[in-house]
Amino acid sequence: MAGLKNEIQRRRTFAIISHPDAGKTTLTEKFLLYGGAINTAGSVKGKATSRHAVSDWMEIEKQRGISVTSSVLQFSYQGYCINLLDTPGHQDFSEDTYRTLMAADSAVMVIDASKGVEAQTKKLFKVCLLRDIPVFTFINKMDLDANDPFDLMDEIERELGIRTCPVNWPVGSGKQFQGVYDRNTKMITTFRAVSTGGQKEAETSVIKAEESRGRIGDAFYEQLMEDIELLDGACEEFDMEKVSRGKLSPVFFGSALTNFGVETFLDHFLQMTTPPLPRISDEGLIDPFSEDFSAFVFKIQANMNKNHRDRIAFIRICSGKFDAGMEVYHVQGERKLKLSQPQQLMAQDRRIVEEAYAGDIIGVFDPGMFSIGDTFCAANRKFAFEGIPTFAPEHFARIRQVDTMKRKQFVKGVNQIAQEGAIQIFQEINSGMEEIIVGVVGVLQFDVLKFRLEHEYGCEIRMENLPYEHIRWVKDRTMDITKLKGVSDVKKVRDLKGNPLLLFSNIWSVQMVLDRNEGLELLEFDRS
Ligand code: G4P
């Protein structure tokens, strides 16, 4: 029991969120270097280079040199066992990214210091808000010209609606970047960029702030003293309770590329985050330290290995310990079974795991019976974790098969891919299955759909993009949406479960329809 408690106590499970190019890959790489999980910089790169991303394995990913799906990187650092949930880096990321955030206990938000809060940071942050998980901010690229740090704080607070509390504070930026001041120790870690073996690095030393005038110069010294006074007077005080409720984000400044401020950030982050937290189920909160195993499925990946045509369900363990060969209860399937081929994934490597603990993510063989959101618990228990929301697609297309003889394959393929959660499918009210409307979060999912229908189901399709961008679930599922007023340019559809939905081409018409139909309630996420 003590062993179980210790193992769970040292688990930290988090995801990194950012807008593309803010430096997520670079920061991940530095984390892995600290953890000894990789030896050389560049091993994690996912761009169109000769180096393959650690998490690249699907054919489409290899062809394009991008990362479509998420995977998990596990490594140890200072006694902690870290599960870093890797999320697709491409601009057209998919719902996978959102679902992956459901498996994380906290998030690291990387912001480019010269760009501030960008579009995808906002979207991903919204998903973190759904569960109010702690969000830690790393303001990156301080070795390049940056925006004013007070403006950056302001922007985060205004755009994301979270309070900020800087743990350290930059002195200058770009060519003039002097280093960061630690508000707790009142010491400055100085920065000087050097190049060793083609790699940019930082040369650092730690000095007392009050004795730093000679080192950083009069102007920066005066500025720093002024900033400190302002920060101490006006900025939100550090409050761990607010951090853990996702109301206050500790902020750090640094430069991932030169490995400056990364170790400090990681150390603070690990201390400030908690081991796995209790999760909500229909029997109340489930204690992660309980001896009984429980987990939920947050992602299903089909055909990872062409030779096997297999499906893997990624599960997040929420309590207790998993032992290979143990019998568990699959709540939604209402049957006991053994989770076979339990594995951890890293790049092409799959490692069979014998045991895993609350906080860990493992892949298990899916015989085609599991769905996203399903719960597994110890054989003697029967509870279900709160479901994973269906996220609003932002792109829609009508699809048809090219060869009418391939009707069966087409319907089977589209339905299976939708069941995995790789796309969402809708049907126009009062129409048959001839035409299917596909909704995706990122347009890349369309390519994946086309590719998979061709390669796995032998079925070519034609796709016609539709002008809709916003989707709303109708809260009252029994409502007859054909009777709504002012909806001439709104498409009325049903999802796989028969729920009524409306598709809008612009955000204003959402409000207009609400205004014209008293009592109508529309939802942005579906939690059924
Ligand atoms: P992403 O995963 O968030 O998309 O970003 P990634 O780490 O790939 O970083 C995007 C670009 O920004 C990369 O340059 C990377 O080297 C650079 N970068 C990341 N952190 C820092 C930093 O702290 N300072 C500076 N100056 N640059 C940083 P690239 O030219 O696109 O790629 P590469 O050719 O360097 O690999």
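Before reading further, recall that the structure is shown in the block above.
Now for a look at the structure at hand. Bear in mind the structure is a predicted one, so any value in this text is a computation, not a measurement.

## Some words on the side chain of R316
Item 1. The topology assignment puts R316 in strand β17 (residues 311-319).
Item 2. A distance of 3.2 Å separates the side chain of R316 from the side chain of D105, its partner in a polar contact.

## Let's talk about the pairing of strand β8 (residues 179-182)
Item 1. Two elements, strand β7 (residues 168-171) and β8, share four bridges in a ladder whose sense is antiparallel. If you follow P170 over to β8, its bridge partner there is V180.
Item 2. Pairing between β8 and strand β9 (residues 187-190): four bridges, direction antiparallel. Bridge pairing in β9 links Y181 to I188.
Item 3. Two successive antiparallel strands, β8 and β9, enclose a turn made up of four residues, where K186 displays a positive phi of approximately 60°.

## Structural notes on the sheet that holds strand β33 (residues 522-523)
Sheets are built from strands paired through backbone hydrogen bonds, the pairs being either parallel or antiparallel.
Item 1. An order of β29-β26-β28-β27-β31-β32-β30-β33 is seen for the eight strands of this open sheet, with the pairing classed as antiparallel. Looking at strand neighbours, the two that pair on one side only are β29 (461-466) and β33, the edges of this open sheet.
Item 2. For strand β30 (residues 470-474) and β33, the ladder comprises two bridges, and the chain directions are antiparallel. Note that in β33 the partner of W473 across the bridge is L523.

## Examining helix α2 (residues 24-35)
Item 1. With 12 residues, α2 extends 16 Å from end C-alpha to end C-alpha; this agrees with the ideal 16 Å at 1.5 Å per step.
Item 2. When α2 is considered as a whole, its buried residues turn out to be K24, T26, L27, T28, E29, K30, F31 and L32.
Item 3. If you follow the buried residues of α2, they end up packed against β1 (11-18), β2 (71-77), β3 (80-86), β4 (106-112), β5 (135-140) and α10 (262-272).
Item 4. At the C-terminal side of α2, G36 shows a positive phi close to 70°.

## Quick look at the packing of helix α11 (residues 407-420) against helix α12 (residues 444-457)
Item 1. Their axes nearest at 10 Å, the elements α11 and α12 cross at an angle of 125°. When the interaxial angle is binned, α11 and α12 end up oblique. Considering only the axes of α11 and α12, their crossing is right-handed. When α11 is examined against α12, the residues Q409, F410, G413, V414, Q416, I417 and E420 are found in contact with a partner set consisting of L449, R452, L453 and Y457.
Item 2. The residue makeup of the contact of α11 with α12, split by class, is six nonpolar, three polar and two charged.

## Concerning the pattern of salt bridges
Item 1. Within this structure, the stated rule accounts for 31 salt bridges.
Item 2. Between K123 and E394 there is a salt bridge whose closest N-O contact spans 3.1 Å. Of this pair, K123 sits in helix α5 (residues 119-131) while E394 sits in the loop between β25 (375-378) and β26 (395-401), and the two are 271 residues apart along the sequence.
Item 3. On the basis of relative accessibility, which here comes to 22%, the residue E394 falls in the partly exposed class.
Item 4. Linking D232 and R183 is a salt bridge whose minimum nitrogen-to-oxygen distance equals 3.2 Å. Of this pair, D232 sits in helix α8 (residues 218-234) while R183 sits in the loop between β8 and β9, placing them 49 residues apart in sequence.
Item 5. Overlapping salt bridges bring together E7, R10, R11 and D360 as one network.

## Here's the deal with the sheet that holds β8
Item 1. Sheet architecture is open: four strands sit in the order β7-β8-β9-β12, paired in antiparallel fashion. Edge positions in the open sheet fall to β7 and β12 (206-208), since each of these has one partner strand only. Pairwise comparison of adjacent strand axes, ignoring direction, gives a mean angle of 30° for this sheet.

## Regarding empty space enclosed by the protein
Empty space left among the atoms is revealed by rolling a probe the size of a water molecule over them.
Item 1. The full count for this structure, using the stated rule, is three cavities of 30 Å³ or more.
Item 2. In this model, the second largest cavity occupies a volume close to 90 Å³.
Item 3. Forming the boundary of the second largest cavity are 15 residues, of which D105, S106, P134, T273 and T274 lie nearest the centre.
Item 4. Of all the secondary structure elements, the ones that give two or more residues to the lining of the second largest cavity are β1, α9 (240-244) and α10.
Item 5. Here the residues of the lining of the second largest cavity are counted per class, giving eight nonpolar, five polar and two charged.

## Quick word on the nonpolar core
Item 1. Membership of the largest hydrophobic core comes to 61 residues, with the highest contact counts inside it found for L85, M109, I139, I156, F253 and F298.
Item 2. Once residues within four sequence positions are removed from consideration, I156 is found in contact with M109, I111, V117, T137, I139, G161, I162 and T164.

Definitions and limits used
Residues numbered from 1 in each chain as written. Predicted model: local features only at pLDDT ≥ 70, side-chain atom pairs only at ≥ 80, totals over all residues. Heavy atoms only, no water. Helix = DSSP H or I, 4+ residues; strand = E, 2+ residues; numbered from the N terminus. Polar contact = N/O pair within 3.5 Å; in protein donor to acceptor, adjacent residues only side chain to side chain. Pairing = 2+ DSSP bridges. Expected span 1.5 Å × (residues − 1). Buried < 20%, exposed > 50% of the residue type's maximum accessible area, 1.4 Å probe, protein only. Contact = heavy atoms within 4.5 Å. Axes fitted to C-alpha atoms, helices over the stretch in contact; angles between N-to-C directions. Parallel < 35°, antiparallel > 145°, perpendicular 65-115°, else oblique. Left-handed = near helix turned anticlockwise from the far one by under 90°. Nonpolar A, V, L, I, M, F, W, Y, C, P; charged D, E, K, R; others polar. Salt bridge = Lys/Arg side-chain N within 4 Å of Asp/Glu carboxyl O. 1 Å grid on protein atoms, 1.4 Å probe; cavity = no way out; pocket = protein on both sides within 12 Å on 5 of 7 lines; lining within 4 Å. Points joined across faces, edges and corners; volume = space filled by probe spheres on them. Core = buried A, V, L, I, M, F, W, Y, C linked by side-chain atoms within 4.5 Å.

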